[in-house]
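Coordinate analysis (summary)
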Amino acid sequence: MASSLTKDSVRPGTPGSEKTFFGHPRGLATLFMTEMWERFSYYGMRALLPLYLVAPGGLHLNAGTATAIYSVYVSLVYLLALPGGWFADRVLGPRKTVAVAGLIIMLGHLCLALPVSASFFVGLGLVAIGSGLLKANISTMVGHLYKGPQDPRRDGGFTLFYVGINLGAFVAPLVIGTVGENVNWHLGFALAALGMALGLAQYLLGGRHLSEKSSVVPTPLSAQEKSATLRKGLMWLAVAAVFYGVVGGTGHFTLNWALIPLTVIGLIVPILVITRMLRDKDLDSTEKSKVRAYIWFFVAAAVFWMIYDQGGSTMSLFASSSAKNSVLGWGFPVSWYQSVNPVMIMALAPVFAWLWLWLNRRGKEPSTIVKFASGLVLIGASFFLFLAPLSIAEGGHKAAAMWLVAIYFVQTVGELTLSPVGLSVTTKMAPKKYASQMMGVWFLAVTAGDSITALVSNPAVGGINLDKMGFVALEAVLAVVAGVAVWMFRKNVNKLMGDVH
């Protein structure tokens with residue numbers, strides 16, 4: 001990585017040393033590497049998760065329950081980004097919070113490595129908590145490296161950061177997935193713990209390059225607030241313990257029903273959080289206007305992630321049962337499909353970063369809302385394409401692997417159109433009072449999308465088989481219609497955004 005550093009060509013005062021990382025502040029390299037290793041651990045485990053849940057040598061669950069567990073787990077990772085942002089804003093600050101998060105994630109993966117069902121679900125919980133603490137804050141720390149929202153390097157910096165995410169995500173299924181599927185499931189999970197340990201060590205060693213802003217606790221809790229928060233936390237913990245204790249004691253406890261409260265929370269919390277912001281008297285009219293504009297981006301992102309995240313569940317399980325997982329006669333583990341998207345991200349992200357700057361210099365860069373509309377149409381198109389291998393499978397044949405690769409390609413182009421831009425616009429539109437928490441709100445869009453998937457796939461509620469042509473077509477139509485609606489109302493939203501473009 002050192003060979004990519006060049007002498008600083010930006011103004012004095014840039015956080016970090018006199019070197020830059022591809023023309024960006026040196027601290028971006030530290031955050032890039034930390035996120036790369038954290039994503040290695042997360043995506044490696046996630047590539048194994050649905051396969052382990054249905055495997056005879058794993059938990060041997062049905063596909064509906066496995067999809068529901070996978071979706072609830074992913075939704076919780078992003079749901080917990082909100083309290084993760086709050087914890088940084090009020091207690092430790094982003095920098096220390098990320099260090100604590102790395103330790104919790106590592107312990108979670110170690111629990112997954114134990115061949116015991118109870119410790120497996122404890123491990124999932126710990127990884128979700130740690131990921132929630134890390135996600136919102138590490139992205140906020142990227143924003144701290146730049147000279148405010150108008151810094152022209154900002155969008156490019158987030159795109160480079162996105163490459164770090166996908167470098168870890170690319171390697172993870174090839175290493176962790178191969179070991180987990182071909183050698184031992186739990187050894188694969190142990191490799192995920194090792195990856196997070198490396199990420200944590202790198203973060204602590206490179207911390208001197210980070211912005212001083214990242215160590216600040218913006219609005220620290222008073223002693224009275226700490227006591228009140230602790231009481232509320234213990235109260236809700238007791239409520240959950242009593243609820244599940246009664247359900248279990250009366251013989252009504254099943255895994256599917258246990259998932260429902262978590263699913264409902266994932267749908268209700270985003271609504272409550274955004275409503276609270278709009279009613280907050282501490283926000284001025286300009287900040288509230290930006291929050292109202294942000295609702296459009298939030299809904300668009302929720303629809304996008306509802307479909308996109310099925311690439312790791314619905315499509316993975318389809319590949320396991322109904323695809324020829326081979327190219328030119330060479331077979332490969334099912335988990336390797338999860339490396340297709342990140343390798344495409346790494347190939348195309350620099351092109352998109354260059355393209356936005358090139359168009360910007362000529363005054364022709366599409367607005368954020370037009371980029372979002374394009375992302376929605378593309379994710380819808382990917383599921384229209386999914387209908388082809390589904391049709392082949394229903395005809396009694398196995399679909400070629402390249403059908404799935406083509407679907408991931410279309411989804412990748414849609415992701416690059418929507419996701420890095422969404423991260424950047426969130427930091428630009430965040431009210432000062434909700435600096436780190438606003439990034440948590442962005443991740444709540446993933447929570448909402450995955451909660452819908454969990455609800456409809458859960459055998460105790462919807463029980464819908466998500467890899468059937470009718471439902472896939474319905475999702476594709478929904479995404480395209482949403483994209484067109486966003487585009488049609490772009491002028492209204494741009495007015496609400498004020499000075500953010």
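Position numbers for residues start from 1 in each chain and track the written sequence from start to end. Only residues with pLDDT of 70 or above have their local features reported here, since the model is predicted, and side-chain atom pairs are shown and tallied only from 80 upward, although totals for entire chains, interfaces and linings are computed over all residues. Side-chain metrics in this entry use all non-hydrogen atoms of the structure; hydrogen atoms and water are not considered.

Its identity as a non-glycine residue notwithstanding, His 60 has a phi of 55°, on the positive side. Counting from the N terminus, the helices are DSSP H or I runs at least four residues long and the strands are E runs at least two residues long. Tracing the sequence through the fold places His 60 in the loop between helix H1 (27-54) and helix H2 (63-79). Each residue is assigned to one of three classes by its accessible area relative to the maximum for its type, calculated with a 1.4 Å probe on protein chains only: buried under 20%, partly exposed between the two thresholds, exposed over 50%. On the basis of relative accessible area, His 60 is assigned to the exposed category, the value being 54%. We note that Leu 328 has phi near 55°; this positive angle belongs to a residue other than glycine. As for its position among the elements, Leu 328 is in the loop between strand S5 (326-327) and strand S6 (330-331). Look at Leu 328 and you get exposed, because its relative accessible area is 89%.

With that settled, consider the packing of helix H6 (residues 154-182) against helix H12 (residues 340-361). One way to put it is that H6 packs onto H12 with a least axis distance of 8 Å and a crossing angle of 165°. Taken together, the axis directions place H6 and H12 in an arrangement best described as roughly antiparallel. Where H6 crosses over H12, the two elements pack in a sense that is left-handed. Counted together, Thr 159, Tyr 162, Val 163, Asn 166, Leu 167, Ala 169 and Phe 170 of H6 and Asn 341, Pro 342, Val 343, Ile 345, Met 346, Ala 349 and Ala 353 of H12 form the full contact between these two elements. Angles shown run from 0 to 180 degrees and are taken between the N-to-C directions of axes, each axis being a line fitted to C-alpha atoms and, for helices, limited to the stretch in contact. Oblique is the label for any angle not covered by the other classes, which are roughly parallel (under 35 degrees), roughly antiparallel (over 145) and roughly perpendicular (65 to 115). Handedness of a helix crossing follows the sense of rotation of the near helix relative to the far helix, less than a right angle counterclockwise being left-handed and clockwise being right-handed. The contact criterion used throughout is that any non-hydrogen atoms of two residues lie within 4.5 Å.

One can describe the packing of helix H4 (residues 94-112) onto helix H5 (residues 117-144) by two numbers: an axis separation of 7 Å at closest approach and a directional angle of 155°. Judged by the angle between their axes, H4 and H5 are roughly antiparallel. When the axes of H4 and H5 are compared, the crossing they make is left-handed. Per-class residue counts for the contact of H4 with H5 are 18 nonpolar, nine polar and one charged. The classification used treats Ala, Val, Leu, Ile, Met, Phe, Trp, Tyr, Cys and Pro as nonpolar, Asp, Glu, Lys and Arg as charged, and all other residues, Gly among them, as polar.

Glancing now at the packing of aromatic side chains. Ring geometry is summarised as follows: Phe, Tyr and Trp rings, the Trp one being its six-membered ring, pair when their centres sit within 6.5 Å, and such pairs are stacked at plane angles under 30 degrees, edge-to-face over 60 and tilted between the two. Tallied over the full model, the rule gives 23 aromatic pairs. Aromatic pair Trp 330 and Phe 332: ring centres 6.2 Å apart, planes at 40°, arrangement tilted. Considering the side-chain rings of Trp 330 and Trp 336, the 5.5 Å spacing of their centres and the 55° angle between planes classify their relative orientation as tilted. Its relative accessible area of 22% is what places Trp 336 among the partly exposed residues. Among the aromatic residues, those joined into a ring-pair cluster are Tyr 52, Phe 120, Phe 121, Trp 185 and Phe 189.

In this model, the chain carries an average pLDDT of 87, and 93% of its residues clear a pLDDT of 70 or more. Of all secondary-structure elements in the chain, the lowest mean pLDDT belongs to strand S1 (residues 5-7), at 36, while strand S7 (residues 399-400) reaches the highest, 96. A low-confidence stretch, residues 1-17 stays under pLDDT 50, and its non-local contacts, those more than four residues away or across chains, total 37 contacts. A residue's pLDDT is the confidence the predictor assigns to it, expressed on a 0 to 100 scale.

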